[in-house]
Amino acid sequence: MIHSMKSILCFGDSNTWGYVPLSGGRYQTSIRWTSLLAKQLPQGWQVIEEGLPGRTTGFHQSIHNPQSGLGDFLSCLDKYQPNIVIIMLGTNDLQSQLNLTAAEISQGAAQLVKQALHNTKPASPSEHVLLVCPPPIYEVGFAQTGFEGGAEKSQQLDKHYQVRAAELDVRYFNAALAAESSPQEGIHWHAEHHHRFADAIAKPVLDMINKQSKFTL
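Okay, so let's go over this structure. As the structure is a computational prediction, the values presented were derived from the model and not from experiment. (Residues numbered from 1 in each chain as written. Predicted model: local features only at pLDDT ≥ 70, side-chain atom pairs only at ≥ 80, totals over all residues. Heavy atoms only, no water.)

## Details of helix α4 (residues 102-120)
At step 1: End to end, α4 covers 28 Å across 19 residues, agreeing with the expected 27 Å (1.5 Å per residue, within 8%).
At step 2: Turning to α4, its buried residues number three or more, namely A102, I105, S106, G108, A109, A110, L112, V113, A116 and L117.
At step 3: With its phi angle positive at about 45°, K121 sits one or two positions after the end of α4. (Helix = DSSP H or I, 4+ residues; strand = E, 2+ residues; numbered from the N terminus. Expected span 1.5 Å × (residues − 1). Buried < 20%, exposed > 50% of the residue type's maximum accessible area, 1.4 Å probe, protein only.)

Set out below in structure tokens:
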């Protein structure tokens, strides 16, 4: 029954939503990494897909940052009460109008992690939250304007996200190990990278599920 299912909240931007590079639009369900991850979960677990194009990390919403993820995230936590939370945001924070450093972007992501831990108070933070650093971008195509200097900053995100995850004692994964932004378009993932990312992230997620089951024995 639906109410007995355990859930994984996948909270992200257009690459979680499934934006198609070059042509635009949305990938069909069978291609998106969230759906591919769901197929690898044990019985009794489901994926909640919460991607939104343009979404940034945990900075307060303002005229310069209308797509702040913080407000949506709190609503999602209250609504879904997820057992595991995957957070993959930061690409849209690279927009030049926001004027954020890589360290500041990582702090925005950390705000979301803190909210996830505060709202659920898990026995083991490392088995509840998985912080994912998005892959670097290219300043071409879609990202040729509005992301000036973003490519260089995106290369710096990994080291800062690792520090934030260690500080908060949550799991960490660098999406660049499995996925790449389109070299022609700059930001979004081609279909094969959704498949690669789903396979790669399934490993820590399944380990988190197994560890959680031991806590409940």
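That was the structure; now back to the text.
## Section: helix α3 (residues 69-80)
At step 1: Across its 12 residues, α3 extends 16 Å between first and last C-alpha, which sits within 8% of the 16 Å expected from 1.5 Å per residue.
At step 2: Among all positions of α3, only G69, L70, F73, C76 and L77 are buried. The arc that holds the buried residues of α3, viewed along the axis, is 125°, so those residues lie on one side. Facing away from the buried side of α3 by more than 90 degrees, the exposed set consists of D78 and K79.
At step 3: For α3, the secondary structure elements touched by its buried residues are β1 (6-12), β2 (45-51), β3 (84-88) and α4.
At step 4: Where α3 ends, the next residue or the one after it, Q81, has phi of about 50°, a positive value. (Arc of directions from axis to C-beta. Contact = heavy atoms within 4.5 Å.)

## Here's the deal with the pairing of β2
At step 1: Most of β2 is tucked away, with five of its seven residues classed as buried.
At step 2: Across seven bridges, the pairing between β1 and β2 is parallel. Bridged to G12 within β2 is G51. (Pairing = 2+ DSSP bridges.)

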